[in-house]
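# Remarks on the overall topology
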Amino acid sequence: MASPSDLREKIRKKRRALQESLAKSKDDVDTQALVTTEMEMSRDRGRTEVEQELSGSQEQQVTTLKQTLKAQRMRRRRKLLSDTTAEATRGEQPMGTELSEVGEPLDSVTKPRSTWHTQRDLPPLPVETPLRRRVAEKLKAARSKAETLLQQEALSEPTSCLQSLRDRETLTRFDVECPPQTDPGLLSREAGDLSTAARVKFQDVAHRVRQKAEMETGLPTAEMAYNFFTFNFDPEPQEEPVKHQKKRKSRRRDRAEEEEEEEEEEGDSHREEEEAGAEQEEEQEEGRDEDAPLVGDQGSELFIIDQTAQDFLEVKAVDYVGYHSRVQRESEVLFTPSLRTVPASSKVPENMQPRYMEDEGLYVGERPPMSRVNQNILENRILQQDEGKKWFGDDGRVQALPDPIKQSPTRPPLFSLEGDLDPALQTVYRKALKSKHAGRYIPGAGPGEGHRHCQLDVDVAGLIFSHHPLFSREHVLGARLAQLYDQHLARQSRNLTGLLTDKLNGLRNALRNIKDLHGEQGRSMAMRQRIVEYKEEVKNTRILRNTEQEKDRTLLKSIVKVWKEMKALREFQRFTNTAYKLHLRRELVELQKDEQGFEAEIQTELAELKGEFEDEYQRKMEQYSQQHEEWRTWRRKQKARKKKKKAKMRDDGEEEEEEEEEEEQEEEFLGDEPPKPELPEKQDWALAEQQVRERASRWRRRPGEPVLVPEISLSGSITPTEQCPRGEIARREDISKRSLLVKVLYNDKEVSRTDRRTLSSDFRVHFGQIFNLKIVNWPESVRLQVFEVVGSSSSLLAEVFVPLPDTTVLTGSAPFQELEFGSSQRVAFDHEGVGSDVPFSFEVDGSNKLTLLTSGKLSCCISWAVDNNDVPLAPPTSQQPWGVRSGLRQMDAIACIGASGLSDMKKLSKWAAESRLDPNDPSNAMLMQLLTVASSGSMQMPDYFRLEQLQEEFNFVTDEELQRSKRFRLLTLRSQEVAEFRNYKNIPAVEREVSEKVFQDYERRLQEGEVIDTRDHLDAHRALVAKYLQKVQESVVNRFLISKHHFILSDLVQEDEVPSIGVLGLNLFKLAEPKRPLKPQRKERKKVTAQNLSDGDIKVLVNIIRAYDIPIRKPLSSKPAMASKSARSFKEPFAAGQSSQSALQGGDWPLSQSQIRPFVEVSFQRTVCQTTTADGPNPCWNEELELPFSAPNGDYSTSSLQSMKDEVFINIFDEMVFDITEDERERGSSVHTRIERHWLGSVKIPFSTVYLQSRIDGTFKVQSPAVLLGYSKERSLASEGGYDAVRCLSEGSFITLFITIQPQLIPGESVRERMKEIKFDTQEEERLLQAAEVFQRDAALCFPGRPCITTVIDINGRAVFVTRYIRALSPPQELLDAFPNSPQETMDLVARYVSLIPSLPDSVSFAGICDIWSTCDQFLTLLAGDEEEHAVLLCNYFLFMKKKAWLIIGTAVPEGPTAYVLTYEQGHYLIWDPSKGQYYGQYDTFCPLQTVGCLINADNVWFNLQPYDAPMRMSFDVTRSKLWKPFFSRAFPNPGLSSVQPEEIAYNRPDKAAAAELQDRIEKVLKEKIMEWRPRHPTRWNRYCTSTLRHFLPKLELSGGRDVGEEHRLELHNLLGDYRISGFPLHMAFSELHPLMEMVYSTGVHNVEAPSIEFALAVYVHPYPSSVLSVWVYLASLVRTR
Amino acid sequence: MKFHGPRATLRMAELHIIGQIVGASGFPHSSLFCKWGIHTGGAWRLLSGLREGQTQVDSPQTSDVAFWSHPIDLHYATKGLQGWPKLHLQVWHQDSFGRCELSGYGYCHVPSSPGHHRLRCATWRPLGSWQEQLAQSFVGGGPQLRFPDVIYSGADRYRLHTGAAGTVELELGIILRNFDKYGVES
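On a predicted model such as this, the values are computed, not experimentally measured, just so you know.

### Describing the overall build of chain A
A tally of helices and strands in chain A yields 48 helices and 39 strands. Considering only residue pairs separated by 6 or more positions, chain A has 75% of its internal contacts joining residues 24 or more positions apart. Accessible surface computed for chain A: about 95,000 Å², of which carbon and sulfur atoms make up 52%.

### Describing the pairing of strand β5 (residues 66-78) of chain B
Where strand β1 (residues 13-25) of chain B and β5(B) come together, 11 bridges link them in antiparallel fashion. Following the sheet pairing, E14(B) is matched in β5(B) by A77(B).

### Re the confidence of the model for chain B
Residues and elements named next belong to chain B. Looking at chain B, pLDDT values average 85 and 94% of them are 70 or higher. This model gives residues 1-8 a pLDDT under 50, and the stretch forms 4 contacts once residues within four places in sequence are excluded. Interface confidence in the predicted complex, given as ipTM, is 0.85; pTM for the same model is 0.44.

### So, the sheet that holds strand β23 (residues 1255-1261) of chain A
All names here are of chain A. Reading across the sheet, the 4 strands line up as β20-β16-β25-β23 and stay open at both edges, with antiparallel pairing between neighbours. With one partner strand each, in any of the chains shown, β20 (1180-1189) and β23 form the two edges of the open sheet. Each strand axis lies, on average, 20° off the axis of its neighbour in the sheet, ignoring direction. Sheet topology note: the β23/strand β25 (residues 1294-1302) ladder contains 7 bridges and is antiparallel. Residue D1257 lies in a different strand from β25, and its bridge partner there is F1298.

### Let's talk about the packing of helix α16 (residues 473-494) of chain A against helix α18 (residues 525-573) of chain A
Residue and element names in this part refer to chain A. α18 packs onto α16 with a crossing angle of 155° between their chain directions and a minimal axis gap of 9 Å. By the angle between their axes, α16 is roughly antiparallel relative to α18. Remark: the crossing between α16 and α18 carries left-handed chirality. Of the residues assigned to the contact of α16 with α18, the class counts are 10 nonpolar, 5 polar and 9 charged.

### Observations regarding the side chain of T1171(A)
All names here are of chain A. Relative to the helices and strands, T1171 resides in the loop between β19 (1167-1170) and β20. Residue class for T1171 comes out buried when judged on its relative accessible area of 3%. When neighbours within four sequence positions are excluded, T1171 is seen to be in contact with I1104, F1159, V1160, W1181, E1183 and L1185.

### Looking at the sheet that holds strand β37 (residues 1619-1629) of chain A
All names here are of chain A. Spatial strand order, β37-β39-β38: 3 strands in an open sheet with antiparallel pairing. Each edge of the open sheet is held by one strand with a lone partner, namely β37 and β38 (1653-1664). Between one strand and the next, the sheet's axes are offset by a mean angle of 15°, whatever the strand orientation. Bridging between β37 and strand β39 (residues 1668-1680) involves 11 bridges; their strand directions are antiparallel. Paired with H1627 across the bridge in β39 is W1672. Contacting β37, β38 and β39, helix α41 (residues 1383-1396) runs over the sheet at an angle of about 85° to β39. Sheet contacts for helix α48 (residues 1633-1643): β37 and β39; angle to β37, the most-contacted strand, approximately 150°.

Conventions we followed
Residue positions are given per chain, counted from 1 along the sequence in the order it is written. Numbering of ligands from 1 and lettering of chains from A proceed in the order in which they are written. Given that the model is predicted, a residue must reach a pLDDT of at least 70 before its local features are reported, and side-chain atom pairs must reach 80 or more before they are shown or counted; all residues, however, enter totals for whole chains, interfaces and linings. Side-chain calculation: all heavy atoms of the structure are included, whereas hydrogens and water are not. Helical segments are the DSSP runs of H or I of at least four residues, strand segments are the runs of E of at least two, and each set is numbered from the N terminus. Residue contacts are defined here by distance: any two heavy atoms, one from each residue, within 4.5 Å place the two residues in contact. Per-residue accessibility takes into account occlusion by the displayed protein chains alone, with areas from the Shrake-Rupley method and a 1.4 Å probe. At least two DSSP bridges between two strands are required for those strands to pair. Across the chain, each position has a pLDDT score giving the predictor's confidence in that residue, from 0 to 100. To define axes, lines are fitted to C-alpha atoms, for helices over the stretch in contact only, and angles between the resulting N-to-C directions are given on a 0 to 180 degree scale. Note that the term roughly parallel is reserved for angles under 35 degrees, roughly antiparallel for angles over 145, roughly perpendicular for angles of 65 to 115, and oblique for everything else. Here a crossing is called left-handed whenever its near helix is offset anticlockwise from the far helix by less than a right angle, and right-handed whenever the offset is clockwise. Polar here means any residue outside two lists: the nonpolar Ala, Val, Leu, Ile, Met, Phe, Trp, Tyr, Cys and Pro, and the charged Asp, Glu, Lys and Arg; Gly therefore counts as polar. Per-residue accessibility, obtained with a 1.4 Å probe over protein chains only, is compared with the maximum for each type, and a residue is labelled buried under 20%, exposed over 50%, and partly exposed between these values.

Structure (structure tokens):
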């Protein structure tokens, strides 16, 4: 026995060998497929033989093991044999086959054993567990059994099948080692088959295969894996083992059960056999030993490969319970209801018959459908349960509710979506549209907001001819019949007779009641009156009733008559054309009752008549007696007179007879005696009775006569065309040719027409078309024209005027109206058609001729449309003129009374009560109903519509309280951005913390909208102007707000441009740039949008670089040099290189003197910064000052920033140091000085300019006062050198500045950019505008930096061509008269006048809106305007003065794009700054005008095409078209545009008194202010000085602000020798007080804090025409020197 | 300490709706924008904020969720609970030609409890007749409600043929003030 260590050693060797062989056999691919199949087969098999092989390979390691194995094997074999023998004994099969087959299973058992060698991958275990062995045993036993079963089965199978199976087995058995070994009995047989050589071969092959299998047991190579998955294995070898397996498995399953039994049964015999078979097994083992080394070697190799697994696992057969046993077991537990029908008897209670409710006539609902089988199962199951029978009903069926499932779906079918869908739910198919203006989302708004249109709906339903030329005679009768019948029906429906009878009865009853209640005596006067009224009523009603009855009767008669005629006609012509048929329905009545009623009626009538007659008689008698009385009195008088006459005439008797006659005549004449009343009464009575009876018999139904009810039906058959005579056929053909159409004419214009409809044989045409007319004009008439079309020609048949509907008549509620039409056209036919206006007869002989005209009825309906929101599209009622009559009045209860639009129910009911409407009258029915509704209290019609009912009850607070809440109001106002509350930061959280004061300003503003506050303006006119400006601004702002909300992408999205190749290239070049270039350039900074900013984020940077020519101090003692105030000529400034003045003065002043110590102070929004102090008149500071910026109300929006009026003040001061050390002894040790600063001049730059231009860079002229006390302008050529020679030609000081905002804000779109987007309406010609656009575009393309203007916006917001602004206008005459001899002076004065008109930039007043040009008169009225207005005015003045003048559109240094004036003067061009009143030569360095874009005069516009745009470097000769591109050229000549300017401007006289008043007020205000600014120091005013100064000011004004200082300084000096004066006059155009104060403040005079300081302040206001005021403020501080 | 009844101090009920329309998902197209509006009863008064608006068009490149993150900030005062604010939405699709077509209608109540809420508003879309659907699939466009207030009004919509659209996601923060003074507990 080998020890385990030896074993391991061996295994190691084997593994090495295996690896070698692996490497060798790698390329043996061919067999792999086979191997794998082999592998698969064997994997399942043979596990049971583990022990066997182990023992074999390890050379009988454990003998005990071997023995047991043998014993097992023997047992198994024996069992097998016993099985077979048992079967054999059973005699089922012949013995021979039996024998041969026994080998098979054995064979198959051993075969796996050998293949298993290759497969084996488990390590051997030296000690086998008994358990495992037992398992193996069992399995083996099972298998053998399975084999036998298989064998049995195979026997039963057809032989062919068996054969093939066997063949295949032999095929695969190539790699089987040596099957014969297993059974000695069979061995000999098999050995005979196989030669030894073959065996060796087999073994080789087997060996090889085994090796391959080994390497597979390890990791399969990639190749193998690939093959495994990809090769198409031969199905045949695979199929067989699978079959085997399957069979075996099934066998095994069966066996598993049998086995147990068998084992039990055969337990004894087994044991016996075991012993017997042990020897046999021994032999077997020996036989196998031949192979053992081979197998053993390999086995030991294999076992080592994988040391894990199966030892710990137990392989068990699937725990399986046989089907039958399971069924059996289950049957004990489970209950399976049978499928058979349950007999009815078991379902109903005993001794009862099933009862069927249906048979008893009771309704039994339909039971839900259920399959019979399921029902049976259910019933069977239920019956098994306790009380199972209670589930069954009396009929022996399971109780069930009727089928709950509806046959039809509950949800209504959606056949037509559009048809009758609720209009609120209708959908519209909208195309996917590109929305240019993505509209704001309004949830409820319809598309057509704004202007509402009106819409009339004309519905043409159809028409019916009552006569048509193509009518046959029968048709004529038919139409007549139909007409009569219609009449009859209408009458019947109205039932007037019945109603009147009822009324009559009612009245009679009432009368009787009255009579019964009150006796004859008790009647009051009123009662009697009522009785009379009643009687009258009864009489009228009776008469009415009688006539109605008569009408009914006649109608009926005529219907019958026509029908008879028709029948006769049909008979006569032998065909039928119409379908009319008349039936007379008889309603029998009871004769007796009828007679009674008839008689009673007649009696009542007679009685009434009698009463009436009596009354009549009485009345007549009364009348008679009255008259008789009168007559008698008269008679008496007459007689008396006669007597007198007689007495008189007694003298002549002949005449008596005549008189008698006369008397007789008179008597006859006078005697209007009524006829005897008794006689007519009697006569009448009999007659009346007779009349009544006659009438009754004639017009009323005789008693007993049946009631005849005519009925017309269209059921009659029309004779087909073939059977008709020729004439009729022709007529019918004619009909079919004709068609009709209706045109709709609105206000005599055809708006639409219906389709053509053919005329049908019954002469009815149905159109049924609705025309929707959208109406702009007021409806005057709507006509419908009926056209008859024959072939292609159409003729107008008739025209119908349709009454216009009331505005309350709306579509949907309007009824149809039938409008009759007729035509007098004469139409005759040669066929049966009767024609129109042609006499024809029904009689055969042609008598009784009849002439009919075409006529008919058109059914249509006109109403006002209702739009989608149920808003009637009718015009407002108030607009409806009175002429329009409603055609539907008779339909509308209220309208038919003549009270259209009567909506006050109270009035209506009052009217109804007054007019005593008959409540039974059907025409009043609607009204009465309305009245009952109105009068009953509960149904009171509310005059409002409650939208949210029950809201009130659940309210927290009332509306008023909500309205009263101050906090909410504040919040709302803030969100509405009301000016006062915009950017209101914090609103208190609690109501009581909101003070009432908050709203004061706002409310005041609301109240005082129109009231002008003159306090701030000092001048009523200016206040008005300010108001006007504000209004204009508001309206323009409102107009602009809309377009402002229109954002473009760049407003919202800031997108960095994707760098292109070019940019990248440039950047590459930049790398090579010097790090610190010699001339650094300012870099563009990142721009910041102004939205997210807050206070303190923005700073204004002011870089003060240097200044030139600052005035220097003048020592007090020095002798003043008289400045030669020579008359300046225009040539002087241009004469280069000569400055006599400075040369003259140059010598007077020693250079060494400390002339001046200037510093610059910049103030902005009351923040002040200052530079250090420099020395000399040309100081250089080069300092950067930073000033914080805060927007008004913290609103950093673009518009707000643009409209800021703040200005940056740059003031130049002189710092003076005074030694105030009082004690001389201390002078050595301490310094005690006082610093004073004296204002020298200032530069103002509006913030809006800085904002819009983002930076301001340049040299500016310092606005210094004309006189600076204590200073003088000195120049020394020596100090300045030659380089400055050109510069110093201009007078004044200059300062070089750079101003910008940090961080850079994105300026709002500039004015002109905005203009391009907004289209203004205009009166200019389209062609001109186009040309202007092209011109401007070209200009912008060529020279984008040069401004070009062709059209501008006037104050009404219209685009106007710019040349229209230029027109010669006369300046005020005063100015022209001032210097009659000197045109230059006049020009100066005029320029000064223009500059005195206050300047107000458009961008401030019309924030970010547009540049508005006002005409000169508007400008002078408003007294405010920006540079353009000034320039236009100045230019116009110059033109009037016969100068050559142009408007320059260009850019200037502080103000940006602006307008200047160019004049041509003696060979020189002068550039005028209109808002300052100064002029510059073309070659002036300090001219603020930087670029020239275009020139404009009254005739043309020229655009600058020169390479340079600086005025110094260009030519102003506009005739050279290479340099200047004219707008109007030969190709496009000037159409002769008229000017928008007035012909003449009316100027007001200067108002001296107002000026004086203003002067006083300004002085007062300024003095107060100065005192206010010096809160800690007393302010003393030196009156003497003030009055002196006041004298100077008019002189200054006269001199135009030019240097007159020397004179009056001297004067002052003389007067105030003891004082050190420093002061200056300030001058400005007067607009408001505020800028004036600002200016005074900025000079800082009030800051002097010397203890002995005194001040002097003088104001002078000089009035110019048209309220232009020039304001001078002389400010001085005086310090006593002694 | 003096007692102040609600009348004395005049404390009105106030409601703040602060939040955002986060985005939409589940729509067949991706390039979406949303129009929204808030509808209230008559008792409600808008103190500040915008009642309606429209988001930008978001065309997500990766996911199918369109994000707008559109802010909503409203401040209401009310005198009653009736007509509690409702938010109604219309999701629109902008196609590759820049044309806009409707993708879905939806509405949801503004939550009545204070705090932060995430809402998902399902949307729907009228289908129209088959001709319209055909036209829609080829040339775009589509049926839209003639009266968009049907979105939030209680009209009988059962006759309307609609299809489901995607979901709009909202985040709303609700702040109630003084509602407890009137017995409304939240």
